[in-house]
Amino acid sequence: MVSRLAVKGGAALRERPWPLWPQPAPGVPAAVAEVFGSGRWSVSGPYRGAASREQRFARAFAAYNGVPHCVPAASGTASLMLALEACGVGAGDEVIVPALSWVASGSTILGVNAVPVFCDVDPDTLCLDPETVEAHITERTRAIVVVHLYSAVADMDALKRIAQRYGLPLIEDCAQAHGATYRGVKVGALATAGTFSMQHAKVLTSGEGGAVITHDGEFARRVEHLRADGRCLSATPPAPGGMELVETGELMGNNRCLSEFQAAILIEQLTVLDEQNERRRANAALLDSQLGELGLRPQATSEGTTLRTYYTYAVRLPDGVLEDVPIADVTGALTAELGLPVVPSYAPIPANRLYAPHTRRRYTIGLDHEERIDPKRFTLPVCEEAARRTVTLPHSALLGDADDMADIAAAFAKVLRHGAELAH
């Protein structure tokens, strides 16, 4: 039985548990307990004579990323929608976005009544390909969104040049890249704005949450209004019990606020982010070496990258190997060996079953609009090939040790060695 794959009835290579995620920082329990008794559970709650935890996190996260402004939000989706609207993106505008990403990269653009224009990616980094961006710019283009995907940072030099040439705002979607740097600058601080997700799986998490960062004070003020029903923070604190959010009448918004509980968690989690990221990087280097010896190709990153963040470890199967086996069967075999959720790369967003504009009446605002948002109109050969041949592992596995990395490599070796079993 030892020689057979676990998914075919053989013995699994590993039965030991993997590191859990999330891992609460030491100060989290006390911080959350403090909020319980504070009399303030939201930034829209009464002022209690001290800065809200939401604003304490905003200051800490802005400083961490080297920018003067941070506006926390309810989710990564909310953050991206806020940034798009703060750029002036609206009905009928086109927004360029990579097609290889989580479905929210497309649905957020739909959510502001704009049109996602899906572009292909670089085959090595799996991030937005600058050449395809320039080919898709039209008179209707109003913004470019770049996603730093999995563990890679996109080619920001080239993308910034294109954005500047055409006078377009460039938004960095950093949902998977907290702490990564490009030429020594934190991602999110390289362009018009950076958006972040703090959802359960992210390397900085409060279960749900998000943030927008920027160098531009006026941009930040627009985001503030958009995320708090048209209100922004008072320039001076009110009397205790008063409202800290001021009704200016400048810009209509919606409620996209982060709670005080989430902010309290994020303040503490931020203190351990760099150490956790460093551990992931060290283990990823071990995997790069071990899987490279097996002929697999770990995801690359752009030349300007100075620090990577491993939200997901992505690796491409060797050419000519397991070509006739569906990628889901390969990841299923690896999962069975490791007891770890190993999954294929994202499907291209237009092919993702979760991306279905026709199922929402809010997008039926005219025949022309419906035709422009039709997912079938995009051709994305690089994204499609990546989805067929790329395997991904969760970042929690990279919080283990060298023995854990050896187990992952051994599982890949076993599946490659017994691949004929999967072919049948």
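Note that this is a predicted model, so its numbers are computed, not measured.

*Asks:* Outline helix H3 (residues 76-86), listing residues and values.
*Replies:* Burial within H3 is extensive, with nine of its 11 residues counted as buried. Restricting attention to buried positions, one finds in H3 the residues Gly 76, Ala 78, Ser 79, Leu 80, Met 81, Leu 82, Ala 83, Leu 84 and Ala 86. Capping of H3 at its N-terminal end is provided by Ser 75; its side-chain oxygen lies 3.4 Å from the backbone amide nitrogen of Thr 77. Looking one or two places after H3, you find Gly 88, whose phi comes out positive at around 90 degrees.

*Asks:* Quick rundown of the sheet that holds strand S3 (residues 115-119)? Include the residues and the values.
*Replies:* Hydrogen bonds between backbone atoms are what pair the strands of a sheet, whose relative direction is either parallel or antiparallel. Here seven strands make up an open sheet; going across it, the order is S1-S9-S8-S5-S4-S2-S3 and the pairing mixed. Across the chains shown, the open sheet's two edge strands, defined by having one partner strand only, are strand S1 (69-73) and S3. Strand after strand, the sheet turns through a mean of 25 degrees between neighbouring axes, direction not considered. Looking at chain direction, strand S4 (residues 141-147) and strand S5 (residues 170-173) are connected through four bridges and run parallel. Its bridge partner being in S5, Ile 144 is matched across the sheet by Leu 170.

*Asks:* Mind laying out the side chain of Thr 309, listing which residues take part and the relevant values?
*Replies:* With respect to the helices and strands, the residue Thr 309 is situated in the loop between strand S13 (305-307) and strand S14 (312-316). Only 3.0 Å separates the side chain of Thr 309 from the backbone nitrogen of Ala 180, close enough to count as a polar contact. Look past the residues within four positions of Thr 309 in its chain and what remains in contact with it is Tyr 150, Ser 151, Gln 176, Ala 177, His 178, Gly 179, Ala 180, Val 203, Asn 277 and Arg 281.

*Asks:* Describe the side chain of Thr 214, listing the residues and the values that go with them.
*Replies:* Here Thr 214 shows up in strand S9 (residues 210-214). Of note is the side chain of Thr 214, whose polar atom sits 2.9 Å from the backbone oxygen of Thr 192. Those residues in contact with Thr 214, other than ones at most four positions away along the chain, are Val 67, Pro 68, His 69, Thr 192, Ala 193, Phe 219 and Ala 220.

*Asks:* How would you summarise the environment of Leu 317 if you had to cite specific residues and measurements?
*Replies:* Its location among the elements puts Leu 317 in the loop between S14 and helix H9 (327-338). Taking the C-alpha atoms as reference, Leu 317 lies 9.8 Å from Ala 386; in sequence the two are 69 residues apart. If we skip the residues at most four places from it in the chain, Leu 317 touches Leu 296, Ile 327, Val 330, Arg 389 and Val 391.

*Asks:* Go over the pattern of salt bridges with me, naming the residues and quoting the values.
*Replies:* Enumeration according to the criterion identifies 22 salt bridges in this entry. Where Arg 165 meets Glu 134, a salt bridge forms, and the shortest distance between an N and an O atom there is 2.6 Å. With Arg 165 in helix H6 (residues 156-166) and Glu 134 in helix H5 (residues 130-136), the pair connects residues that are 31 residues apart, well separated along the chain. The exposure class of Glu 134 is partly exposed, given its relative accessible area of 30%. With a shortest N-O distance of 3.9 Å, Arg 231 and Asp 229 are connected by a salt bridge. Looking at Arg 231, the relative accessible area reads 18%, which means it is buried. The exposure class assigned to Asp 229 is partly exposed, which follows from its relative accessible area of 42%. Residues participating in the shared-partner salt-bridge network are Arg 297, Arg 316, Asp 319, Glu 385 and Arg 388.

*Asks:* Help me get a handle on the packing of aromatic side chains, residues and values and all.
*Replies:* One pass over the structure, following the stated rule, counts 11 aromatic pairs. Geometrically, the ring pair formed by Trp 102 and Tyr 346 is tilted, given 6.1 Å between the ring centres and 45 degrees between the ring planes. Placement of the pair is Trp 102 in the loop between strand S2 (94-98) and helix H4 (104-111) and Tyr 346 in the loop between strand S15 (343-344) and helix H10 (367-372), with a sequence separation of 244 residues. You can call Tyr 346 buried: its relative accessible area is 17%. Members of the aromatic cluster, joined through ring pairs, are Phe 57, Phe 61, Tyr 64 and Phe 196. Directly above the ring of Trp 18 sits Arg 14, whose terminal nitrogen or CZ lies 3.6 Å from the centroid.

*Asks:* I'd like a description of the packing of helix H1 (residues 28-36) against helix H8 (residues 260-292), backed by residues and values.
*Replies:* Closest axis-to-axis distance for the H1/H8 pair is 9 Å, and the angle between their directions is 155 degrees. In this view, H1 runs roughly antiparallel relative to H8, as classed from their interaxial angle. Considering how the two elements wind past one another, H1 and H8 form a crossing that is right-handed. Contact with H1, carried on its side by Val 28, Ala 31, Val 32, Val 35 and Phe 36, involves Glu 260, Phe 261, Ala 264, Ile 265, Glu 268 and Gln 269 of H8 and no other residues of that element. Grouping the amino acids of the contact of H1 with H8 by side-chain chemistry returns eight nonpolar, one polar and two charged.

*Asks:* Could you give an account of H4, naming the residues involved and the relevant values?
*Replies:* Buried residues dominate H4, accounting for seven of its eight residues. In this structure, the buried side of H4 is in contact with H3, S2, S3, S4 and S5. Directly beyond the C-terminal end of H4, a positive phi value near 65 degrees is found at Asn 113.

*Asks:* Please give an account of the nonpolar core that cites residues and values.
*Replies:* Core analysis: the largest hydrophobic core is formed by 90 residues, its most contacted members being Phe 61, Leu 84 and Ile 144. Sorting elements by how many residues they give to this core places H3 first, with seven residues. Core analysis: the next-biggest nonpolar cluster, separate from the first, contains 30 residues, Tyr 313, Leu 334, Leu 338 and Ile 408 among them.

*Asks:* So what's going on with the state of the cysteines? Which residues, and what values?
*Replies:* For the coordinates displayed, the defined rule picks out zero disulfides. Left unpaired, Cys 87 is separated from the closest cysteine sulfur, that of Cys 174, by 13 Å. For Cys 87, a relative accessible area of 22% gives the class partly exposed. No disulfide involves Cys 119; its nearest neighbouring cysteine sulfur is the one of Cys 383, lying 9.2 Å away.

*Asks:* An account of unusual backbone geometry is requested, with residue identities and associated values reported.
*Replies:* Residue Pro 22 is reached from Trp 21 by a cis peptide bond, and omega for that bond is 0 degrees. For Pro 22, the location among the structural elements is in the segment before H1. For Asn 113, which is not glycine, the phi torsion reads 65 degrees and is therefore positive. Its place among the elements puts Asn 113 in the loop between H4 and S3.

About the cut-offs
Sequence positions are assigned chain by chain, starting from 1 and proceeding in written order. Whole-chain, interface and lining totals are the exception, using all residues; otherwise, since this is a predicted model, local features are given only for residues with pLDDT of at least 70 and side-chain atom pairs are given and counted only at 80 or more. The side-chain quantities take in all heavy atoms of the structure and omit both hydrogens and water. Relative accessibility thresholds used throughout: buried, under 20% of the residue-type maximum; exposed, over 50%; partly exposed, between the two (1.4 Å probe, protein chains only). Labels follow the DSSP assignment, with helices taken as runs of H or I lasting at least four residues and strands as runs of E lasting at least two, numbered in each case from the N terminus. N or O atoms within 3.5 Å of each other form a polar contact, as long as, within protein, one can give a hydrogen and the other can take it, and as long as residues adjacent in sequence are counted only when both atoms are side-chain atoms. Think of it this way: DSSP has to see at least two bridges between two strands before they count as a pair. An axis is simply a line fitted to the C-alpha atoms; with a helix, the fit covers only the stretch in contact. Between two such axes, the angle follows the N-to-C directions and lies from 0 to 180 degrees. Contact criterion: two residues are considered in contact whenever any of their non-hydrogen atoms come within 4.5 Å of each other. Just to be clear on terms, a salt bridge is a Lys or Arg side-chain nitrogen sitting within 4 Å of an Asp or Glu carboxyl oxygen. Put simply, two rings from Phe, Tyr or Trp (the six-membered ring, in Trp's case) pair if the centres are within 6.5 Å, and we call them stacked under 30 degrees between planes, edge-to-face over 60, tilted for the rest. Lysine NZ or arginine CZ positioned within 6 Å of the ring centre and within 35 degrees of the ring normal marks a charge as sitting over the ring. Any angle that is under 35 degrees is reported as roughly parallel, and any over 145 degrees as roughly antiparallel; angles of 65 to 115 degrees are reported as roughly perpendicular and all others as oblique. Two helices crossing with the near one rotated counterclockwise from the far one by less than a right angle form a left-handed crossing, whereas a clockwise rotation gives a right-handed crossing. Under the grouping applied here, Gly and all other residues not named as nonpolar or charged are polar, the nonpolar ones being Ala, Val, Leu, Ile, Met, Phe, Trp, Tyr, Cys and Pro and the charged ones Asp, Glu, Lys and Arg. Only buried residues count toward a nonpolar core. Its members are Ala, Val, Leu, Ile, Met, Phe, Trp, Tyr and Cys residues joined through side-chain atoms within 4.5 Å. Any cysteine sulfur atom paired with another within 2.5 Å is treated as part of a disulfide.

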